[in-house]
Amino acid sequence: MKISVLIPAYNSEKEIYTCIRSLLEQTYHDYEVIVVDDGSTDRTGSRLDFYAKIYPELITVIHQENRGVSAARNAALKAAKGEFVLFLDSDDWMKRRTLETLAAAQARYEADVVICGNVNEGRVTTRRHVRRVLVPHKRTLMKMLMKDRQVRNYAWGKLIRRSLFDGLQFWEGRVFEDVQLIGQILLKADKTVIVPDTLVHYNTHRQNSLTYSLRPEILNDMLEAFEDQAGYITAYDPTLKREAQAMLRRIRLLIGGALLLHGRFQDPLMEQILPFSEAASAAEFRVRRNLY
């Protein structure tokens with residue numbers, strides 16, 4: 001089974017070596033690496049060309065004008081030849097047995113999607129994973145996605161059958177594209193498996209990491225992405241309306257806090273998110289010491 005590892009890259013000259021090295025060290029051998037240089041202004045492009053020259057049978061580099069991570073991912077998807085795809089950011093890296101572990105789980109369970117745990121490396125290093133292999137019902141999977149704990153709202157960390165992207169693509173020109181799309185992919189999948197292994201190291205050190213920089217200019221995209229996700233999940237199963245509303249309340253609270261932090265008291269977005277349409281229970285916002 002061939003796997004296409006798809007990497008959007010922009011100004012990652014300091015991190016790209018670690019990312020590529022982790023792929024070169026994989027114990028699984030039937031895979032290709034497609035990197036899209038999204039108009040980098042540093043030496044990212046030249047370094048990628050150097051790696052592709054050394055490993056021409058493994059690494060393909062696509063250069064394009066700067067159009068954003070969504071356009072880079074869409075370009076990589078069009079070039080992919082594998083039956084399955086795996087997204088990886090250019091400043092992240094994988095453990096040596098990542099592809100082998102995911103491919104083995106896919107074969108054993110005949111899955112369309114295999115999800116692994118990840119390690120967030122940044123201001124606080126955290127691990128997100130389950131304790132055992134899970135094959136959740138689709139309704140349960142949607143509940144897990146909306147909680148964004150054991151199933152994350154990210155494209156990376158998931159081995160995905162490429163055909164699931166037929167008719168779908170990452171929205172371009174906006175952020176939070178993962179949130180808008182990944183739930184649709186999981187709904188199309190006949191079977192999703194979650195493995196307990198923490199295989200992907202996600203780097204939140206970079207200054208432009210969305211994880212720790214909820215800038216006011218991206219908050220509209222954030223709200224729209226989660227509202228879109230809530231819409232198609234409740235269209236699939238109307239009984240999930242309560243969970244979807246709880247998710248949107250948490251997102252609106254987060255957006256409101258970001259606006260206040262930046263002194264945007266009169267921002268028009270405030271009128272969209274406050275007050276909440278329904279009273280929220282304290283349990284929805286309770287901090288849990290042990291998430292999994």
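Data block above holds the structure.
Throughout, a residue's number is its position along its own chain's written sequence, starting from 1. Whole-chain, interface and lining totals are the exception, using all residues; otherwise, since this is a predicted model, local features are given only for residues with pLDDT of at least 70 and side-chain atom pairs are given and counted only at 80 or more. Note that water and hydrogens are dropped before the side-chain values are worked out from all heavy atoms of the structure.

A. Quick look at the overall build of the chain. Scanning the chain for helices and strands turns up nine helices and nine strands. Classification of residues uses two cut-offs on accessible area relative to the type maximum, computed with a 1.4 Å probe and protein chains only: under 20% is buried, over 50% is exposed, and between them is partly exposed. Classification of the 292 residues of the chain by burial places 53% in the buried group. We call two residues in contact whenever any of their non-hydrogen atoms come within 4.5 Å of each other. Partitioning the contacts of the chain with sequence separation of at least 6, the portion at a separation of at least 24 is 81%. In these tables, accessible area is a Shrake-Rupley quantity obtained with a 1.4 Å probe, and a residue counts as shielded only by the protein chains included in the view. Carbon and sulfur atoms make up 49% of the accessible area of the chain, which amounts to about 14300 Å² in all. Numbering of helices and strands runs from the N terminus; a helix is a DSSP stretch of H or I covering at least four residues, while a strand is a stretch of E covering at least two.

B. Summary view of the packing of helix H7 (residues 219-236) against helix H8 (residues 241-261). Think of each axis as a best-fit line through the C-alpha atoms, taken over the contacting stretch in the case of a helix, with angles from 0 to 180 degrees between the N-to-C directions. Relative orientation of the contacting elements H7 and H8 amounts to 175°, with a least axis distance of 10 Å. By the angle between their axes, H7 is roughly antiparallel relative to H8. Between H7, through Leu219, Met222, Leu223, Phe226, Glu227, Gln229, Ala230 and Thr234, and H8, the contact on the second element is made entirely by Lys241, Ala244, Met247, Leu248, Ile251, Arg252, Leu254, Ile255, Ala258 and Leu259. Note on residue categories: nonpolar means Ala, Val, Leu, Ile, Met, Phe, Trp, Tyr, Cys or Pro, charged means Asp, Glu, Lys or Arg, and polar means any other residue, Gly included. For the contact of H7 with H8, a count of residues per class yields 13 nonpolar, two polar and three charged. Just so you know how the angles are binned, under 35 degrees is roughly parallel, over 145 roughly antiparallel, 65 to 115 roughly perpendicular, and the rest oblique.

C. Spotlight on the environment of alanine 225. By secondary structure assignment, the location of alanine 225 is in helix H7. Excluding its chain neighbours within four sequence positions, the residues that come into contact with alanine 225 are Trp171, Phe176, Val179 and Gln180.

D. Structural view of the packing of aromatic side chains. Think of it this way: a Phe, Tyr or Trp ring, Trp meaning its six-membered ring, pairs with another when their centres are within 6.5 Å, and the plane angle makes it stacked under 30 degrees, edge-to-face over 60, tilted otherwise. Following the criterion strictly, the structure yields seven aromatic pairs and no others. An angle of 15° between the planes, with centres 4.7 Å apart, marks the rings of tyrosine 154 and tryptophan 156 as stacked. One aromatic cluster is present, formed by Phe87, Phe165 and Phe170 through successive ring pairs. Against the face of phenylalanine 170 rests arginine 73, its NZ or CZ located 5.2 Å from the ring centre. Two conditions define a charge located above a ring, namely a distance within 6 Å from the ring centre to NZ of Lys or CZ of Arg, and an angle within 35 degrees of the ring normal.

E. Seen up close, the pattern of salt bridges. Here a salt bridge means any side-chain nitrogen of Lys or Arg lying within 4 Å of a carboxyl oxygen belonging to Asp or Glu. Under the definition given, this model contains 13 salt bridges. The salt bridge partner of aspartate 178 is arginine 73, with a shortest N-O separation of 2.5 Å. Placement of aspartate 178 in helix H6 (residues 177-188) and of arginine 73 in helix H3 (residues 69-79) is noted, with a sequence separation of 105 residues between them. Each member of the pair, aspartate 178 as well as arginine 73, is classed as buried. Between arginine 97 and glutamate 100 there is a salt bridge, with the nearest N and O atoms lying 3.2 Å from each other.

F. How the structure looks around the environment of valine 135. One can find valine 135 in the loop between strand S7 (126-128) and helix H5 (138-147). According to the relative accessible area criterion, valine 135 is partly exposed, its value standing at 43%. Taking the C-alpha atoms as reference points, valine 135 and valine 195, 60 residues apart in sequence, are found 8.9 Å from one another. Setting aside anything within four residues of it in sequence, one finds valine 135 in contact with Tyr109, Lys191, Thr192 and Val193.

G. Inspection of empty space enclosed by the protein at higher detail. Grid spacing is 1 Å over the protein atoms alone, the probe is 1.4 Å, and a cavity is where that probe fits but cannot get out, while a pocket is an open set with protein on both sides within 12 Å along at least five of seven lines and lining residues have an atom within 4 Å of a point. Grid points are joined across faces, edges and corners, and a volume is the space filled by probe spheres set on the points. With the rule as written, the count across this model stands at one cavity of 30 Å³ or more. When its volume is computed, the largest cavity comes out at roughly 90 Å³. Lining the largest cavity are 16 residues, and of these Ile115, Cys116, Gly117, Asn118 and Arg152 lie nearest its centre. In terms of residue count, the dominant contributor to the lining of the largest cavity is strand S6 (residues 113-121) (four residues). Tallied by class, the residues present in the lining of the largest cavity amount to seven nonpolar, five polar and four charged.

H. Looking closely at unusual backbone geometry. In this structure, glutamate 110 takes a positive phi of about 50° despite not being glycine. Within the secondary structure layout, glutamate 110 lies in the loop between helix H4 (98-109) and S6. Positive phi, normally seen in glycine, also occurs at phenylalanine 176, with a value near 60°. One can find phenylalanine 176 in the loop between strand S8 (158-161) and H6. Residue classification places phenylalanine 176 among the buried residues on the basis of a relative accessible area of 14%.

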